[in-house]
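Okay, here's what each chain looks like letter by letter:
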Amino acid sequence: MAVISEILRQVEHRPWPLPTGPWVMAQSWHDLLFAHWPVPAATMRALIPPQLELDIFEGEAWVGVVPFRMSGVRPRLFPAVPWLSAFPELNVRTYVKSRNAAQPKPGVFFFSLEAANPIAVALARGLFKLPYFNATMSLVDDGQIIHYKSHRTHRGAPPAEFVGQYAPTGEAYSAQPGTLERWLTERYSLYTVNARRRGAEIAYIGEIHHHPWPLQPAEAEIQVNTMAAASKILLPDIPPLLHFARRLDVAVWLLRSAE
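No experiment lies behind these values; they were computed from the predicted model shown.

> Would you mind going over the environment of Pro-212 with me for this structure?
Its place among the elements puts Pro-212 in the loop between strand E10 (201-210) and strand E11 (215-225). The partly exposed category is assigned to Pro-212, whose relative accessible area is 21%. Once the C-alpha coordinates of Pro-212 and Leu-235 are considered, the two residues, 23 residues apart in sequence, prove to be 28 Å apart. Residues contacting Pro-212, with those up to four places away along its chain left out, are Gln-10, His-13, Ser-174, Glu-186, Tyr-188 and Leu-248.

> Looking at this structure, I do not really get the nonpolar core. What am I missing?
Within soluble globular proteins, side chains that are nonpolar generally end up buried alongside one another. Among the nonpolar cores identified, the biggest contains 38 residues, and Trp-29, Trp-62, Leu-130, Tyr-132, Trp-183 and Trp-213 are the most heavily contacted of them. When residues of this core are traced back to their parent elements, those giving at least two are strand E1 (25-40), strand E3 (60-75), strand E4 (87-98), strand E5 (107-115), helix H4 (118-127), helix H5 (180-185), E10 and strand E12 (241-252). Among the elements that take part in this core, E3 stands out by supplying 5 residues, more than any other. In this view, Leu-130 contacts Phe-110, Leu-113, Ala-124, Arg-125, Leu-190 and Thr-192; residues no more than four positions away in its chain are not counted. Counting residues in each nonpolar core, the second largest holds 37 residues, with Trp-37, Ile-146, Tyr-148 and Ile-233 among its members.

> Would you take a moment to explain a nonpolar patch on the surface for this structure?
Where nonpolar side chains cluster on the molecular surface, the patch consists of Trp-83, Ile-119, Leu-123 and Leu-127 and spans about 440 Å² of accessible area. The element best represented in the nonpolar patch is H4, accounting for 3 residues. Residue placement: Ile-119 occurs in helix H4. A residue is classified by how much of its surface remains accessible, and Ile-119, at 41% relative accessible area, is partly exposed.

> Quick question: what am I supposed to make of the layout of surface pockets here?
Sizing a probe to match a water molecule and rolling it over the atoms shows the empty space that remains. The calculated volume of the largest pocket comes to roughly 780 Å³. Lining of the largest pocket is provided by 44 residues; of these, Met-25, Gln-27, Met-70, Tyr-132 and Val-252 occupy positions nearest its centre. Counted by class, the lining of the largest pocket contains 34 nonpolar, 6 polar and 4 charged residues.

Analysis parameters
- Residues numbered from 1 in each chain as written.
- Predicted model: local features only at pLDDT ≥ 70, side-chain atom pairs only at ≥ 80, totals over all residues.
- Heavy atoms only, no water.
- Helix = DSSP H or I, 4+ residues; strand = E, 2+ residues; numbered from the N terminus.
- Buried < 20%, exposed > 50% of the residue type's maximum accessible area, 1.4 Å probe, protein only.
- Contact = heavy atoms within 4.5 Å.
- Core = buried A, V, L, I, M, F, W, Y, C linked by side-chain atoms within 4.5 Å.
- Patch = residues over 30% accessible without salt bridge, like charges linked within 9 Å, V, L, I, M, F, W, Y side chains within 5 Å.
- Areas by Shrake-Rupley, 256 points an atom, 1.4 Å probe, with all protein chains shown as cover.
- Salt bridge = Lys/Arg side-chain N within 4 Å of Asp/Glu carboxyl O.
- 1 Å grid on protein atoms, 1.4 Å probe; cavity = no way out; pocket = protein on both sides within 12 Å on 5 of 7 lines; lining within 4 Å.
- Points joined across faces, edges and corners; volume = space filled by probe spheres on them.
- Nonpolar A, V, L, I, M, F, W, Y, C, P; charged D, E, K, R; others polar.

Below is the structure:
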């Protein structure tokens, strides 16, 4: 894993300055597939919390289904431990901004995040207020193709499953400013909405930092994908826009109010 201090020295690609205060968690993301579908903006607006503003590109909203694996997950000042620090993960996401902030920061809103580690799921739900779910998952790299399976097992949650294979088909590159692929991937914050005391719900922002995404063109064969449907999102019957990334090292900051 790259040293976080090295990652923090490269900031010219960021759309805004680094967060103040110390980062609290390090992670590495591996063998990641971005599978994106366009969704009508009006449809997506009805599915995100009213505290957030939908972010759109040329009039359309986008939904991503993103399988990958994690390693090196650790709090600041602590080493990674094998039983907690490495596991597959899969998320379903769209793109939003804060509705009330003076200068809204484009970010990610997660409808769901699957992880094959019950301890990590419990910690993420508690500390980061994110909709993590337990799942049985596997990622197998045969040297040419990534074989990925995920089956949600979280008690009381809607069923959700993903089965597919994917692989890069070209060399790595950095997406250019103004392009859809950069808009989809170069995001340095996430948003979540959670109840405070007295029942009021507010938006929180969590910021991250990493080098520019080393994107590669990709191909995929997806046999089963009910991930978006579990969050009441109907994907269009068209091939997804696909990108692959072999590895990205990430620093994470604590949540704070986005108001």
